[in-house]
Amino acid sequence: MTSFMVPAADDAVQPRQSLPISFTLDGEHVTALEGQTIAGALLATGRTSWRSTTAGEPRGVFCGIGVCFDCIVTVGETRDVRACMRRVHDGDEVRTQADGAPEVTL
Ligand code: FES
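Residues numbered from 1 in each chain as written. Predicted model: local features only at pLDDT ≥ 70, side-chain atom pairs only at ≥ 80, totals over all residues. Heavy atoms only, no water.

A. Main features of the overall build of the protein chain. In terms of helices and strands, the protein chain carries one helix and seven strands. The order of helices and strands in the protein chain, counted from the N terminus, is β-β-α-β-β-β-β-β. Out of the 106 residues belonging to the protein chain, those deemed buried represent 35%. Across the protein chain, contacts joining residues at least 24 apart in sequence account for 40% of those joining residues at least 6 apart. When the accessible area of the protein chain is evaluated, it comes to approximately 6,400 Å², of which 52% is carbon and sulfur surface. (Helix = DSSP H or I, 4+ residues; strand = E, 2+ residues; numbered from the N terminus. Buried < 20%, exposed > 50% of the residue type's maximum accessible area, 1.4 Å probe, protein only. Contact = heavy atoms within 4.5 Å. Areas by Shrake-Rupley, 256 points an atom, 1.4 Å probe, with all protein chains shown as cover.)

B. Expanded view of the pairing of strand 6 (residues 78-82). In this structure, strand 5 (residues 72-75) lies alongside strand 6, joined through three bridges in antiparallel fashion. Residue pairing for strand 6: I72 is matched across the bridge by R82. As consecutive antiparallel partners, strand 5 and strand 6 are separated by two residues, and within that stretch G76 has a phi angle of approximately 65 degrees, a positive value. (Pairing = 2+ DSSP bridges.)

C. Here's a closer look at the pattern of salt bridges. Within the structure shown, the criterion is met by five salt bridges. When the shortest N-O distance is used, the salt bridge between D70 and R59 registers 3.8 Å. Of this pair, D70 sits in the loop between strand 4 (58-59) and strand 5 while R59 sits in strand 4, and the two are eleven residues apart along the sequence. Two residues, R79 and D80, come together in a salt bridge whose shortest N-O distance is 3.5 Å. Looking at D80, the relative accessible area reads 12%, which means it is buried. The network of salt bridges with common partners includes R51, R59 and D70. (Salt bridge = Lys/Arg side-chain N within 4 Å of Asp/Glu carboxyl O.)

D. Quick look at the environment of F69. Along the chain, F69 turns up in the loop between strand 4 and strand 5. Look at F69 and you get buried, because its relative accessible area is 16%. Along the sequence, F69 and V81 sit twelve residues apart, while their C-alpha atoms lie 8.4 Å from each other.

E. Local environment of the sheet that holds strand 6. If you trace the five strands from one edge of the open sheet to the other, you get 2-1-7-5-6, paired in mixed fashion. The open sheet has two edge strands, strand 2 (28-33) and strand 6, and neither has a second partner. Direction aside, the axes of adjacent strands within the sheet are offset by 40 degrees on average. (Axes fitted to C-alpha atoms, helices over the stretch in contact; angles between N-to-C directions.)

F. Main features of the nonpolar core. Residues F23, I38, W50, V73, A83 and V94 are the most contacted members of the largest nonpolar core, which totals 20 residues. Of all the elements in the fold, those that place two or more residues in this core are strand 1 (20-25), strand 2, helix 1 (38-44) and strand 5. For this core, the element with the most residues is helix 1, which contributes five residues. With residues near it in sequence (within four places) discarded, A83 still touches T37, I38, A39, W50, C71 and V73. (Core = buried A, V, L, I, M, F, W, Y, C linked by side-chain atoms within 4.5 Å.)

See below:
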């Protein structure tokens, strides 16, 4: 495990007293701390990818600042949500996307 994938409970910084929350990823229960991004919460569980390209290549966080769209997920009914930019909320239903490029209009 690298230093950027520290489970929230083991994070020595403990930036504030964050409340534990939970959400689902493809129906699987995932715990996180209030204030984490979806990507941060997924990285803390040890996941490094949660999307695949049309060629089947795994994708997760690349830029981490909302530029590359490699980290997109579906949250509720909203597709192409950048996991690195959206804070996870208690009860969110997050689904991975395995159907290629995002449907983004720039
Ligand atoms: S990792 Fe690049 S947009 Fe999220």
